[in-house]
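An overview of the molecular structure
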2 protein chains.
Amino acid sequence: MQHQLRAHIEKIVPLSDEEFDFVRAHFTAKKFKKHQYLIQEGYPVKYHHFVVSGLLKLVYTDDSGKQHIVAFAMEDWWETDFHAYYTQTNATMSLECVEETEVLCLSLDDYRKLCDGLPKMERFFLEKSHWGFIGVQRRIISWLTSSAKERYEQLLAKYPQLVQRVPKSLLAAYLGVSRETLSRLSR
Amino acid sequence: MQHQLRAHIEKIVPLSDEEFDFVRAHFTAKKFKKHQYLIQEGYPVKYHHFVVSGLLKLVYTDDSGKQHIVAFAMEDWWETDFHAYYTQTNATMSLECVEETEVLCLSLDDYRKLCDGLPKMERFFLEKSHWGFIGVQRRIISWLTSSAKERYEQLLAKYPQLVQRVPKSLLAAYLGVSRETLSRLSR
DNA sequence: AAATATACGTGACATTTATCAAGAACTGAT
DNA sequence: ATCAGTTCTTGATAAATGTCACGTATATTT
């Protein structure tokens, strides 16, 4: 499991054994069951999370109580309420288990110590952030250019595993259509 | 004008005079007239751009030839086709002047030299990237939770200057509605 | 096994938005 | 002052999507 984090980081920056030990020491392993919260709206956000196994959803609940899925996170993905994490304010979103999930947690304090102690980790997180930005921007482009049906097909093509693992009502909440409409799209 | 870049960077990391001279040396100033292209779809992306004055639009053109606005960039904003820039591939989007615009250009080579020579600039770009990500994610949330009319009102509230400076047809292409619909929303 | 919750599909109807067409108001160049 | 181009609005209609209501199948819990 530590091995997994190392392989993940080394896709971007190589690490010696000592360096990885240093990295590893900043993370805490945690395990959550289905339906448990890693982050709850209105509460402080302690950690950034690296998903070792399982599946998470980042949920924004609107004024009328309707839930919208901002992101899913599965193996090898990073997830948190970034704004609340960086500014150490209360969460505006929730992070919740769709499946039983193991994560490695990194506090903001440890994040800073890690980057200060090992500058190549700053490079790693910068690269991650770039790709995160590009990914979200592509989702915007998909929205600007495509119908609900096309967006669903793009999702099927890009994350076929995901579609197997989550109920269609969650996919609908991610795509921004009602579950009834999504149901009719497949016909 | 160099002064403006310095003030912008120093909102995040302080710089000595020598350090700023080092930073400044990596940028090239350029000036473009209304309707000129800084980046053209299908061509290499040479630079990341810091906008000194003026207004740019980042445009994605779909298969049917319809134009969609991925982002606007005005004074003190950074803009490029990030994916094409980082991977040094051809642009999938265009970056075009809405007004006459002055920019400071940074090639990928100079970007790397800058970060290597002055690690605090890596911290600066990391912070910029974080906030960029948070901004785009908020646009997604706005889309998931709000109607076209609400999204328009949020835009009016967030960027009142922008609404004065660009034709409504461009705002429509940014919001993802037809210009006719946008016109009817104000009634 | 029974009880309960969740997931999924579908019909009927309302609402939102896109599309096509036309014209008015404004801008800039000559 | 005229002409051409752009911007904005509006009407009529079609298409897409949301909402409400219901039924059924499948898990999950007790």
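Residues numbered from 1 in each chain as written. Chains lettered and ligands numbered in written order. Predicted model: local features only at pLDDT ≥ 70, side-chain atom pairs only at ≥ 80, totals over all residues. Heavy atoms only, no water.

1. A look at the protein's contact with DNA strand D
What counts, and what does not: Throughout this document, a residue counts as near a molecule or strand when at least one of its heavy atoms sits within 4 Å of that molecule or strand. Polar contacts, as counted here, are pairs of nitrogen or oxygen atoms within 3.5 Å of one another; within protein the pair requires one atom able to donate a hydrogen and one able to accept it, and residues that are adjacent in sequence qualify only if both atoms are side-chain atoms. Secondary structure follows DSSP: runs of H or I at least 4 residues long count as helices, runs of E at least 2 residues long count as strands, and numbering of each begins at the N terminus. The nonpolar class holds Ala, Val, Leu, Ile, Met, Phe, Trp, Tyr, Cys and Pro. Asp, Glu, Lys and Arg form the charged class, and all remaining residues, Gly among them, are polar.
Not every one of the 16 residues close to DNA strand D is listed here, only the nearest: Ser 178, Thr 181 and Arg 184 of chain A together with Lys 168 and Arg 184 of chain B. Considering the 4 Å shell around the protein, atoms of DNA strand D inside it are sugar or phosphate in 48% of instances. Here a phosphate oxygen of DNA strand D and a side-chain polar atom of Lys 66 of chain A are 3.4 Å apart. Residue Arg 184 of chain B places a side-chain N or O atom 2.9 Å away from a base nitrogen belonging to DNA strand D. Per-element accounting of the surface near DNA strand D gives the leading share, four residues, to helix 9 (residues 179-185) of chain B. Considered class by class, the residues forming the surface near DNA strand D number three nonpolar, five polar and eight charged.

2. Some remarks on the side chain of Thr 101 of chain B
Residues and elements named next belong to chain B. Selection rule: Three labels apply to residues, based on accessible area from a 1.4 Å probe with only protein chains included: buried if under 20% of the type maximum, exposed if over 50%, partly exposed otherwise in between. Whether two residues are in contact is decided by their heavy atoms, any of which lying within 4.5 Å being enough.
Along the chain, Thr 101 turns up in strand 8 (residues 101-107). Assessed through its relative accessible area of 0%, Thr 101 is described here as buried. Those residues within four positions of Thr 101 in sequence are excluded, and the remaining contacts are Lys 30, Lys 31, Phe 32, Val 51, Ser 53, Gly 54, Leu 55 and Leu 56.

3. As for helix 4 (residues 108-117) of chain A
This is how the line gets drawn: Note: the arc covers the axis-to-C-beta directions of the helix.
Restricting attention to buried positions, one finds in helix 4 of chain A the residues Leu 108, Tyr 111, Leu 114 and Cys 115 of chain A. The buried residues of helix 4 of chain A occupy one face: seen down the axis, they fall within an arc of 120°. Opposite the buried face of helix 4 of chain A, at more than 90 degrees from it, the exposed residues are Asp 109 and Asp 116 of chain A. Contacts made by the buried residues of helix 4 of chain A are with helix 2 (17-24), helix 3 (82-87), strand 8 (101-107) and helix 5 (119-145) of chain A together with helix 5 (119-145) of chain B.

4. A word on the protein's contact with DNA strand C
In the vicinity of DNA strand C lie 16 residues, with Lys 168 and Arg 184 of chain A together with Ser 178, Thr 181 and Arg 184 of chain B positioned nearest. For DNA strand C, the backbone makes up 48% of the atoms found within 4 Å of the protein, where backbone means sugar plus phosphate. Within the backbone of Ala 148 of chain B, an N or O atom sits 3.3 Å from a phosphate oxygen of DNA strand C. Measuring from a phosphate oxygen of DNA strand C, one finds a side-chain N or O atom of Thr 181 of chain B at 2.7 Å. Those elements that provide at least two residues to the surface near DNA strand C are helix 8 (168-175) and helix 9 (179-185) of chain A together with helix 9 of chain B. For the surface near DNA strand C, the leading source of residues is helix 9 of chain A, giving four residues. Residue composition of the surface near DNA strand C, grouped by class: three nonpolar, five polar and eight charged.

5. Notes on helix 8 (residues 168-175) of chain B
All names here are of chain B. Most of helix 8 sits out of view: six of its eight residues are buried. Those residues of helix 8 lying buried are Leu 170, Leu 171, Ala 172, Ala 173, Tyr 174 and Leu 175. Two residues or fewer past helix 8, Gly 176 is found with a positive phi of approximately 80°.

6. Details of the interface of chain B and chain A
Using the following cut-off: A simple way to read buried area is as the amount of 1.4 Å-probe accessible surface that goes missing from two parts once joined, with both sides added. Each salt bridge in this description consists of a side-chain nitrogen of Lys or Arg and a carboxyl oxygen of Asp or Glu lying within 4 Å of one another.
The interface of chain B with chain A comprises 38 residues on the first partner and 38 residues on the second. Interface of chain B and chain A: buried area, both sides summed, is about 3400 Å²; carbon and sulfur atoms make up 72% of it. Together, Phe 133, Ile 140 and Leu 144 of chain B form the three largest contributors to the area buried by chain B at its contact with chain A, with a combined 19%. The tally of links from chain B across to chain A stands at four salt bridges. Among the salt bridges present, the one from Arg 123 of chain A reaches Asp 116 of chain B, with a minimum N-O distance of 3.2 Å.

7. Some remarks on the environment of Ile 9 of chain A
Along the polypeptide, Ile 9 of chain A turns up in helix 1 (residues 2-10). A C-alpha to C-alpha distance of 25 Å links Ile 9 of chain A and Gln 88 of chain A, two positions 79 residues apart in sequence.

8. Describing the pattern of salt bridges
Enumeration over the complete set of coordinates arrives at 18 salt bridges over all chains. The shortest N-O distance in the salt bridge between Arg 123 of chain A and Glu 122 of chain B comes to 2.9 Å. Placement of the pair is Arg 123 of chain A in helix 5 and Glu 122 of chain B in helix 5, with the two residues belonging to separate chains. Members of the salt-bridge network, linked through shared partners, are Arg 6, Glu 10 and Asp 17 of chain A.

9. Observations concerning the packing of aromatic side chains
Spelled out, the test is: Aromatic rings from Phe, Tyr and Trp, with only the six-membered ring used for Trp, were paired whenever their centres fell within 6.5 Å, and each pair was classed as stacked if the ring planes differed by under 30 degrees, edge-to-face if by over 60, and tilted otherwise. Placement of a positive charge over a ring is assigned whenever Lys NZ or Arg CZ falls within 6 Å of the ring centre and within 35 degrees of the normal to the ring plane.
Throughout the structure, instances matching the rule amount to 25 aromatic pairs over all chains. Each ring, one from Phe 27 of chain B and one from Trp 78 of chain B, has its centre 6.0 Å from the other, and the planes form 55°; the classification is tilted. Of this pair, Phe 27 of chain B sits in the loop between helix 2 (17-24) and strand 1 (28-32) while Trp 78 of chain B sits in strand 6 (residues 78-79), and the two are 51 residues apart along the sequence. For the pair formed by Phe 27 of chain B and Trp 78 of chain B, the shared burial category is buried. Its guanidinium or amino end placed over the ring of Tyr 174 of chain A, Arg 139 of chain A lies 3.8 Å from that ring's centre, counting from NZ or CZ.

10. Quick notes on the environment of Glu 10 of chain A
Here Glu 10 of chain A lies in helix 1. Sequence separation between Glu 10 of chain A and Leu 185 of chain A is 175 residues; the distance between their C-alpha atoms is 41 Å.

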